[in-house]
Structures are given as C-alpha cells and as structure tokens.
Amino acid sequence: MHTGTTLTQFIIEDQRHIAGASGDFTALLNDIVTAIKTISNAVNKGALIGVMGALDTENVQGETQKKLDVITNEIMIRHNEWAGHLAGMASEEMDDVYLIPNRYPLGKYLLVFDPLDGSSNVDINISVGTIFSILRAPVPGQAASMEDFLQPGTKQVCAGYALYGSSTMLVLTTGHGVNGFTLDRDIGEFVLTHPGMKIPADTREFAINASNQRFWEEPVQRYVSECLAGSTGPRNRDFNMRWVASMVAEVHRILTRGGIFMYPRDTKDPSKPGRLRLMYEASPMSFIVEQAGGLSTTGYERILDISPENLHQRVPVILGSKNEVEVVLGYHKA
Ligand code: AHG
Ligand code: MN
Ligand code: MN
Ligand code: MN
C-alpha cells in the first residue's frame, strides 16, 4: 500500500483478504485507535489540563499509580466496552479481568493493554506509550474468565503500540509484517508513514538499566562487558548505549535503526523473574519485533511460546536485532 494511506483504509484493505472476516476486527481496531487519539491528546495537553502527578493508590504490582495511569486506563475501557466486539479486557492497572457491563453486547475478542507505558517519564515530558494485544475469546459472546486470557503470544490476532513522542505514532501487526502510522492532527487520522518496518539484523547499540548490573546473571554480565570493551575487546567494535525507561520508545528506536533491548532475569527480587509483564508488554512487543525480522527471548525460551500463568506475570526480555540477540542467546547456552 502506498504512503499516505490512512489507517482506516489500510485495515479495511488488509481484512478484505481474510476469508470470513465480518468487520468486527476492523471496528474494534477503530475503537482502539479512537482511544489512542484521546490518550495522545491528554498526554500532549499535560499540565494544562491538570493530569500530571501521582495518586496515593497502588496497582496490583505495587507501583504507585500516576494520575495518567488511571485516566488512560479509563479511556481504553470507555472506548472499547460498548460496541460488542469484546468478551473482556485486562490491563496493567486492573487487578482482575474487566467484565463488559450487562448493558452492552459481548463479542469474540479479548483486549489486553498497558494503557500508559513508561509512566515514570510522564511528569518529565519524555516519551510514553500504550501497548495492546488482541486475542480470540475461546467462547465468543460469553463473558471471559481469567483463564480465557492465558494464551501464549503466538495466539495473538493483533499487537500494537502507540508512541506519544515528538509525533504520535501507531505501529501494529496482524501477523503479516509491521506497519507504522503517524497521527496527522490536522485531519485527525493516522497516516501510513512507515510501511513494512524491518529491524536491521546487525547493531552497535544496546539498552539496559545498568543500575541493576550487580543482579544480572553471568551471560548478560559477559555480553554487556564485551560491548563496553568496544573495539579493543572480543567484539572488535565500539557500542553505543541508550536507556529511555519507556519500553515503547526503546522498541520503536530498535524498529527504526536497530538495537538490542534487555530487561533480563536478575536476582534483585527472587519473587520476580523479570521486570516486564508478559501479557501486555513482552508478548505484544515480541509479536511486533518478530514480525519485523527481529528476535525476542527470555534468554532461555522464545517469549511468544510462553503460556501465561496469570495476567500480571513478569518475564525476562531480550529483544531486537537478530544477530545481536543470537550472541546473547549463545552466551546463555554456553
Ligand atoms: P510502566 O510504566 O507501564 O509500569 O512500564 C515501565 C517499564 C518499561 O516501559 C520500562 O522499560 C521499564 O519499566 C523501566 O524500568 P526502570 O524503571 O527499571 O528503568
Ligand atoms: Mn506501571
Ligand atoms: Mn509498561
Ligand atoms: Mn503502564
């Protein structure tokens, strides 16, 4: 499809080739896009509309919620609950499955999301995002249970993220490649600007929160120390480093110019096998990364193959440029 195509047009044309497509998915995606435009507006207005700062509530993972964590969660719910495409929703900011209110019909999809990713960055005007994943409801038209959501990432129908950066972008996959759209505020539409996004196989840029170094396992210690050794070390080249602390921004950078991102397994808190959450961070991002030709692993297994045990499960994440992720995987096998 040519550059300049709107997202609406893109989805309709994409779905036209799928036998039995009823238009439900197209309509669902349209509602998600409306929610994302609404979130983009709220994030962009920021202090002008009094949405900055924290609340005194905590979410299920014990993080203090920002005002915008709660506002964006509410926006996602309100825009997606009414139309009859969903049998349930789940989010970082809700302990349990969100049941569609009785006054609305139930549909055949499940929506899982991180309404505001990188929310520690929101008060300092650094990029944040939204991540979403669409699954099929095992029993269409019936209220979803928690178990219904616990499907491996390979079962995703669609995964996407919005990046509220210097421009607002939406990047998504339905399982045949990755396409990026930029919000044109003048016409209120996402326009295809990054067709067929591909992650370069090689890179000289890595991203990791180095303050956790003393907790890393041996393979990651080795990999990072070799990157730092640069052209005088075993890798024979200099590396650059970035850490935004918004996974959406890191993944977007990697989709644009390559790189490797790691939030690996560590010994910081034995009850947490990693920092990032499988169902609404690791899994959708892994789908996108693989569709763009990259790799995504815990170091021990492919993230998309993991069968979730609960909604808020955490996993180690190592993703990005294929050849570089393979180096880290090799160190895990050694
Ligand atoms: P969230 O804001 O949705 O809770 O996610 C934050 C995540 C992820 O986006 C980022 O990569 C990571 O946490 C940042 O962790 P550090 O604070 O350890 O840098
Ligand atoms: Mn959070
Ligand atoms: Mn997040
Ligand atoms: Mn979040």
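These numbers come from a predicted model, not from an experiment.

1. Structural notes on the site of ligand 1
Near ligand 1 you find 13 residues, and of these Asp117, Ser119, Asn209, Ala245 and Met247 are the closest. Looking at side-chain class alone, the shell around ligand 1 contains 3 nonpolar, 5 polar and 5 charged residues. No fewer than three residues from each of domain 1 (7-196) and domain 2 (205-333) sit in the shell around ligand 1.

2. Quick look at the UniProt feature "binding site: substrate" in the protein chain
Taking the UniProt record as the reference, the feature "binding site: substrate" is found at Asp117, Gly118, Ser119, Ser120 and Asn209. Counting through the fold element by element, aspartate 117 comes out in strand S4 (residues 109-117). Look at aspartate 117 and you get buried, because 29 C-beta atoms sit within 10 Å. The residue glycine 118 is located in the loop between S4 and strand S5 (128-136) in this model. Filtering out sequence-adjacent residues up to four positions away, glycine 118 remains in contact with Ser127, Val128, Gly129, Ala245, Ser246, Met247, Val248 and Ala249.

3. Quick word on unusual backbone geometry
In the Ramachandran plot, asparagine 125 falls in the positive-phi region, its phi being about 60° despite a non-glycine side chain. On the secondary structure map, asparagine 125 appears in the loop between S4 and S5. In this model, asparagine 236 sits at a positive phi of 60°, which is unusual for a non-glycine residue. Relative to the helices and strands, asparagine 236 resides in the loop between helix H5 (218-229) and strand S11 (240-241).

4. Here we look at the nonpolar core
Ranked by internal contacts, the top residues of the largest apolar core, which has 88 residues, are Leu110, Val112 and Leu170. Inspection of this core shows a minimum of three residues originating in each of domain 1 (7-196) and domain 2 (205-333). The contacts of valine 112, once residues within four sequence positions are left out, are Ala90, Phe132, Ser133, Leu135, Phe149, Met279 and Tyr280.

5. Some details on the sheet that holds S11
Spatially, S11-S10-S12-S16-S14 is the arrangement adopted by the 5 strands of the open sheet, whose pairing is mixed. In the strand order of this sheet, the two ends are held by S11 and strand S14 (295-297), each with one partner.

6. Examining the sheet that holds strand S3 (residues 86-91)
Pairing within the open sheet is mixed, and its 7 strands lie in the order S3-S4-S5-S6-S7-S8-S9. Only two strands of the sheet have a single neighbouring strand rather than two, namely S3 and strand S9 (189-194). Geometrically, the sheet is characterised by an average inter-axis angle of 20° between neighbouring strands, direction not taken into account. Pairing geometry for S5 and strand S6 (residues 158-164), over 7 bridges, is antiparallel. Its bridge partner lying in S6, phenylalanine 132 is registered against glycine 160. Lying over the sheet, helix H3 (residues 67-80) contacts S3, S4 and S5, oriented at roughly 155° with respect to S4.

7. Digging into the environment of valine 157
Among the structural elements, valine 157 can be located in the loop between helix H4 (146-149) and S6. It is 20 Å that separates the C-alpha atoms of valine 157 and leucine 255, two residues lying 98 residues apart in sequence. Residues within four places of valine 157 in sequence aside, it is in contact with Phe25, Tyr109, Ile134, Leu135, Arg136 and Thr174.

What counts, and at which threshold
Throughout this document, residue positions are counted from 1 along each chain, in the order its sequence is written. All chains are assigned letters beginning at A, and all ligands numbers beginning at 1, according to the order in which they are written. Given that the model is predicted, a residue must reach a pLDDT of at least 70 before its local features are reported, and side-chain atom pairs must reach 80 or more before they are shown or counted; all residues, however, enter totals for whole chains, interfaces and linings. In this analysis a residue is considered near a molecule or strand if the C-beta atom, reconstructed from its backbone, is found within 6 Å of that molecule or strand. Residues were grouped as follows: Ala, Val, Leu, Ile, Met, Phe, Trp, Tyr, Cys and Pro as nonpolar; Asp, Glu, Lys and Arg as charged; and all remaining residues, including Gly, as polar. Note: domain ranges come from an automatic or database domain assignment. UniProt positions are given in the numbering used here, feature names are shortened, and annotations may be inferred rather than shown by experiment. For helices the rule is a DSSP run of H or I covering at least 4 residues; for strands it is a run of E covering at least 2, with both sets numbered from the N terminus onward. Here the C-beta atoms are placed from the backbone, and a residue counts as buried if at least 20 other C-beta atoms lie within 10 Å of its own, exposed if 12 or fewer do, and partly exposed otherwise. What counts as a contact is two residues whose backbone-derived C-beta atoms lie within 7 Å of each other. Each nonpolar core consists of buried Ala, Val, Leu, Ile, Met, Phe, Trp, Tyr and Cys residues. Their C-beta atoms, within 7 Å, join them into a set. Pairs of strands are assigned from DSSP output, requiring at least two bridges between the strands. Note on definitions: angles span 0 to 180 degrees between N-to-C directions of axes, and those axes are lines fitted to C-alpha atoms, for helices only across the stretch in contact.

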